[in-house]
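Each chain is listed here by its residues.
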Amino acid sequence: MESFLQIVFSGLTLGAMYALSAVGLTLLWGVVGMLNMSQGVMLAIGGYASYSAITYLGLPWPFGLPAAILGGFVTGVVFYYVIVRWMYRSPTFEVGIIIATVGAAIVLESLMIRIFSGYPLDQPFSLPGGFRIGGILLPYQTLVNLFIAGLMTVGLGWVLRRTRFGRAIRATAQHRDAAQLLGVPVAKIYLQVMVMAGIIAAISGVMLTASVANLSPYVGTNPMLKAFFICAIAGLGNIPAAVGASLVLALLEGAIQYSVGGSYGFPAMLALAILVLIWRPYGLFGERTVERS
Amino acid sequence: MYSRVISFRDHVNRMAPSRRDVWIGLFFLVIAIALPFIDNSRSLLSTVILLFIWASIVTQWNLIFGVAGIFSLAQMAVFCIGGYTAAMLSLYFGWSLWFTSILGAFMAVFVSAIIGAATIRLRGAYVALLTLGVAVVMQVMIMSDSNCFYYEGVTCYNFTGGPRGLSSFGDFGFRDWLGYKVSLLAKYYLALLLLVLGTIFVLFIIRGPFGYAFRALRDNDTNARSQGINRVKYQILVFALSGFFTGLSGAFYAGHYKTIGPTMLDFPVLLLLLAMMVIGGLGRPWGPLLGCILLMVIDDFLKIYAEWRYVGMGAITIFFIILLRQGVVGLIEGIWNRGPEFVFESVRHWNRPRPS
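Note that predicted coordinates carrying low pLDDT should not be read in detail. Confidence in the prediction of chain B, expressed as mean pLDDT, is 83, and 94% of residues score 70 or more. Across the predicted assembly, pTM comes out at 0.85 and ipTM at 0.84.

This is how it looks when you write it as structure tokens:
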């Protein structure tokens, strides 16, 4: 029983982390058709923005989150004007953007190492303590992270399904030219989506570093890699499925780590992702989209 | 209007592509052969050997990535399969590295073909994810290998070498035949031979019927298939073909440095090679080679500012992928055909709103 609770709690903590990383990733894929290899760095930017506001500017701790949101906003705008703006019309956007965001990730990562050094730091914006159930600790921060991931999913779902803005986004995602002809300001939509993704990544970054991970320029790399495969299993672009898959796979990873050995969790997940992709090329819940030509 | 005087440019433009390749290849080959006679310092030779290894990989990768247009990121995994197979066979069976290198190359062909088969139903970003997954799984499995396979005294050695990598599996034996001084030179020419054979191999494929099939599938999959081109067959084929020399370069790498480790699967290594391909020109026969040379020169220049190295590399990659999609080869071709105004034309072209 104790070991079962241990697996469930650590699985929930990990699952919340993966879910937070997966939301922004799958949003960008679903709407812009962009596999964002800079997601990990964008997470780190949020963490550092919160850290700097509290530590260097001496603001009280609740200001960490607004600072991260500001950081994410700036990141999104910069990504749009430096990269996406020039590329989204290209017929080879899907591949080109992967290469470009890999380049951007390397640039930003080295810049962060230059500015903050590579040493792991503690995120001051965090909720210490936790419940004790059956002798096993369930940190409050895990619950906060789960709540935020759920909130993002529901919120994004509402924005995308129910608002005018969301309709414009979905129209752009479905057929850019038709949307433009019907008066949707496509360029502006791309900018807004990039900003949304930047902010989501930044908030996720704060929550991520407040939980088990220490703040470092590489903090997002591992969650990003795992989020990639979670999204691939769930089907890129489907936000609720990505969050659900994060939790299920994290629990599975925890169970495998406990029963087989610590180092087999990630390989097992990857092997599962590879098998799922071979079996269902668009993921379990992904929609088979018609390619733009 | 035909002018009587045929300019050098017209002369070259009238050549068949394969003949032009011969001249370009000879040009590079003469420089590469002559280089050690001009400067045979150890540092230069070692750098150029590394350049040859990178160029060998990127040339083969270009076949999948550029010519066939399949976004595979498993190239370094295939490279490591070749290197590890050769190293492990030599270490555990005591066979000569010359022999195991060939076995390593065939193993790489086999694994690469399997990766190609696994990605048949996938497109674009999903291919990238799956192949990246293969590379990451391989690295994690090697890094976390902690079971003792054999002991030397009390020291425990893992089957795959673990995070330390494999060593003491021997080398190509140049040092015993030729002595310390000449051995580096011998390895230099061996690496050059590897690159030359690999390049000729790729050129034959690109200019031959396979090349047409690969490009047809890349440019219009549906149309190509309706013309009777079997996608399954050609996708597995392109992965298998590019696997041979990639695996062989891996084995050469292992023999040259006398060690091979999981660090070769690190992401920055992949980025370096990707940048080389993008800067040179995706899908262009001579793109990878030019990209390698250019990036090694830039990298050497940036070494003075070591901390800015990755910033520079990333920025150059973004610059090329956004503004010069055809790479340096495309730029040279444009200037060759239309003069220096081409640069301004292409920039103006970028600022014009384009139909999507």
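Our next topic: helix 11 (residues 267-280) of chain B. In a regular helix each residue adds 1.5 Å, so 14 residues correspond to 20 Å; helix 11 of chain B covers 20 Å between its end C-alpha atoms and thus fits that length. Most of helix 11 of chain B is tucked away, with 12 of its 14 residues classed as buried. Of all the positions in helix 11 of chain B, only Phe267, Leu270, Leu271, Leu272, Leu273, Leu274, Ala275, Met276, Met277, Val278, Ile279 and Gly280 of chain B are classed as buried. Against the buried residues of helix 11 of chain B lie helix 4 (93-116) of chain A together with helix 3 (42-67), helix 4 (75-93), helix 12 (287-302), helix 13 (309-323) and helix 14 (327-338) of chain B.

Let us now look at the nonpolar core. Membership of the largest hydrophobic core comes to 203 residues, with the highest contact counts inside it found for Val23, Ile230 and Cys231 of chain A. Ignoring sequence-local partners within four residues, the contact set of Ile230 of chain A consists of Tyr18, Ala22, Ala242, Ala245, Ser246 and Leu249 of chain A.

What follows covers the pairing of strand 1 (residues 130-133) of chain A. In regular strands, side chains alternate between the two faces of the sheet. Residue and element names in this part refer to chain A. Where strand 1 lies against strand 2 (residues 136-139), 4 bridges are found, and the strand directions are antiparallel. Across the sheet, Arg132 pairs through a bridge with Leu137, a residue of strand 2. As consecutive antiparallel partners, strand 1 and strand 2 are separated by 2 residues, and within that stretch Gly134 has a phi angle of approximately 60°, a positive value.

A few words on the interface of chain A and chain B. Listed as interface residues are 35 residues of chain A and, on the opposing side, 32 residues of chain B. Broken down by secondary-structure element, the contributors of at least two residues to the side of chain A that touches chain B are helix 3 (64-87), helix 4, helix 7 (176-181), helix 9 (221-234) and helix 11 (265-279) of chain A. The biggest single contributor to the side of chain A that touches chain B is helix 4 of chain A, with 14 residues. Tallied by class, residues from the side of chain A that touches chain B come to 26 nonpolar, 4 polar and 5 charged.

Rules and cut-offs
Residues numbered from 1 in each chain as written. Chains lettered and ligands numbered in written order. Predicted model: local features only at pLDDT ≥ 70, side-chain atom pairs only at ≥ 80, totals over all residues. pLDDT = per-residue confidence, 0-100. Helix = DSSP H or I, 4+ residues; strand = E, 2+ residues; numbered from the N terminus. Expected span 1.5 Å × (residues − 1). Buried ≥ 20, exposed ≤ 12 C-beta atoms within 10 Å, placed from the backbone. Contact = placed C-beta atoms within 7 Å. Core = buried A, V, L, I, M, F, W, Y, C linked by C-beta atoms within 7 Å. Pairing = 2+ DSSP bridges. Nonpolar A, V, L, I, M, F, W, Y, C, P; charged D, E, K, R; others polar.

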